[in-house]
Amino acid sequence: MTIRVVVAEDQSAVRAGLVMILRSAGDMEVVGEAADGEEAVRLARGLRPDLVLMDVQMPRLDGVSATRQVVAEGLADVLVLTTFDLDEYVFGALRAGASGFLLKDAEAAELIEAVRTVARGEGLIAPAVTRRLIAEFATPRPVRAAVPPERVAAVASLTRREREVWGCLGEGLSNAEVAGRLDMAEATVKTHVSRLLGKLELRSRVQAAVLAQELDI
């Protein structure tokens, strides 16, 4: 299956490099390029790509706001690009529904694999960094009050196994790592992840991981 991607990056040289890398992968097609957030949203609406590779610091409409619109309208998954691994912009983008993030200095192979990972529905990119990211913005402040009451209530509908899987997501574990931890097939893990995301009305594994941290699951 070909992964259709929109690349949103305001620096033309960087954007050209990203496009070149993605086009070198046999299973990816760059269907659109955007130089700002507004154009990224417009292209996502018109082209309905599988994924938007989104820079966070862009003119007219920043990447966080653009991510929020793309996700809210169900237009595509979003993989955020950033210069710093603990950037407040990234925190905002993940809360807006981004499926993952990647540093701009990542190697070409890392970028390609990150796109494939998000396209598969697994949003936890670079687990070691993601765990630090989740802990950084989920724990230092009193976030419990920010969790919608209806979402807290939805937690009660989760089965014991779904809660166990959810707790593993909160630690930043991949499907394979969850399967090993809980002694179940990886396909079963994917089923549990899909079900708990639906019950909690979350779009991505990253959102589930953050919520698990916020609720001390």
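Residues numbered from 1 in each chain as written. Predicted model: local features only at pLDDT ≥ 70, side-chain atom pairs only at ≥ 80, totals over all residues. Heavy atoms only, no water.

(A) Here's a closer look at the sheet that holds strand 4 (residues 77-82). The 5 strands lie next to each other as 2-1-3-4-5, forming an open sheet whose pairing is parallel. Both outer strands of the open sheet, strand 2 (28-34) and strand 5 (100-103), are each paired with one neighbouring strand and no more. Shown here is a sheet whose adjacent strand axes are inclined to one another by a mean of 25°, direction ignored. Pairing of strand 4 with strand 5, which is carried by 4 bridges, proceeds in the parallel orientation. In the strand pairing of strand 5, V80 is matched with F101. (Pairing = 2+ DSSP bridges. Helix = DSSP H or I, 4+ residues; strand = E, 2+ residues; numbered from the N terminus. Axes fitted to C-alpha atoms, helices over the stretch in contact; angles between N-to-C directions.)

(B) Region of interest: the packing of helix 1 (residues 12-23) against helix 5 (residues 108-119). Between helix 1 and helix 5, whose axes approach to 10 Å, the crossing angle comes to 70°. When the axis of helix 1 is compared with that of helix 5, the two are roughly perpendicular. Two secondary-structure elements touch here, helix 1 through L18, I21 and L22 and helix 5 through A108, L111, I112 and V115. The residue makeup of the contact of helix 1 with helix 5, split by class, is 7 nonpolar, no polar and no charged. (Parallel < 35°, antiparallel > 145°, perpendicular 65-115°, else oblique. Contact = heavy atoms within 4.5 Å. Nonpolar A, V, L, I, M, F, W, Y, C, P; charged D, E, K, R; others polar.)

(C) Fine view of the nonpolar core. Counting residues in hydrophobic clusters, the biggest one holds 26 residues, and the most contacted among them are A8, V52, M54, V70, V78, V80 and A98. Going through the elements one at a time, strand 1 (3-8), helix 2 (37-47), strand 3 (51-55), helix 3 (63-72), strand 4, helix 4 (88-95) and helix 11 (205-214) are the ones with two or more residues in this core. Apart from residues no more than four positions distant in its own chain, M54 is found in contact with A8, A40, G63, A66, T67, V70, V78, L79, V80 and L81. V165, V178, L196 and L197 belong to the second largest nonpolar core, which has 22 residues in total. (Core = buried A, V, L, I, M, F, W, Y, C linked by side-chain atoms within 4.5 Å. Buried < 20%, exposed > 50% of the residue type's maximum accessible area, 1.4 Å probe, protein only.)

(D) Focus on the pattern of salt bridges. Counted by the stated rule, this structure contains 13 salt bridges. Put simply, R181 and E171 hold a salt bridge, and the shortest N to O gap is 3.0 Å. Taken as a pair, R181 in helix 9 (residues 175-182) and E171 in the loop between helix 8 (160-170) and helix 9 lie far apart in primary sequence, 10 residues in all. One salt-bridge network, held together by shared partners, links E9, D55 and K104. (Salt bridge = Lys/Arg side-chain N within 4 Å of Asp/Glu carboxyl O.)

(E) Main features of the pairing of strand 2. Inspection of the sheet shows strand 1 paired to strand 2 by 6 bridges, in the parallel sense. By the bridge assignment for strand 2, R4 is matched with E29. As a crossover connection, the stretch from strand 1 through helix 1 into strand 2 is right-handed. (Right-handed = clockwise from strand over helix to strand, strands pointing away.)

(F) Main features of helix 9. Looking only at helix 9, the buried set comprises N175, V178, A179 and L182. With its buried residues spanning 100° around the axis, helix 9 presents them on a single face. Here the buried face of helix 9 lies against helix 8, helix 10 (186-200) and helix 11. Phi turns positive, to about 55°, at D183, one or two residues after helix 9. (Arc of directions from axis to C-beta.)

(G) Focus on unusual backbone geometry. For R60, which is not glycine, the phi dihedral falls at a positive 65°. Relative to the assigned elements, R60 resides in the loop between strand 3 and helix 3. A positive phi angle is found at E201, which is not glycine, with a value near 55°. Relative to the helices and strands, E201 resides in the loop between helix 10 and helix 11.

(H) Representation of helix 2 in the model. Every buried residue of helix 2 is listed here: G37, A40, V41, L43 and A44. All buried residues of helix 2 project into a common sector of 165° when viewed along the axis, lining one side. In this structure, helix 2 carries R42 and G46 as exposed residues pointing more than 90 degrees from its buried face. Structurally, helix 2 contributes buried residues whose contacts are with strand 1, strand 2, strand 3 and helix 3. With a side-chain oxygen positioned 3.0 Å from the backbone nitrogen of E38, the residue opening helix 2 is D36. Positive phi shows up at R48, right after helix 2, with a value of about 45°. (Polar contact = N/O pair within 3.5 Å; in protein donor to acceptor, adjacent residues only side chain to side chain.)

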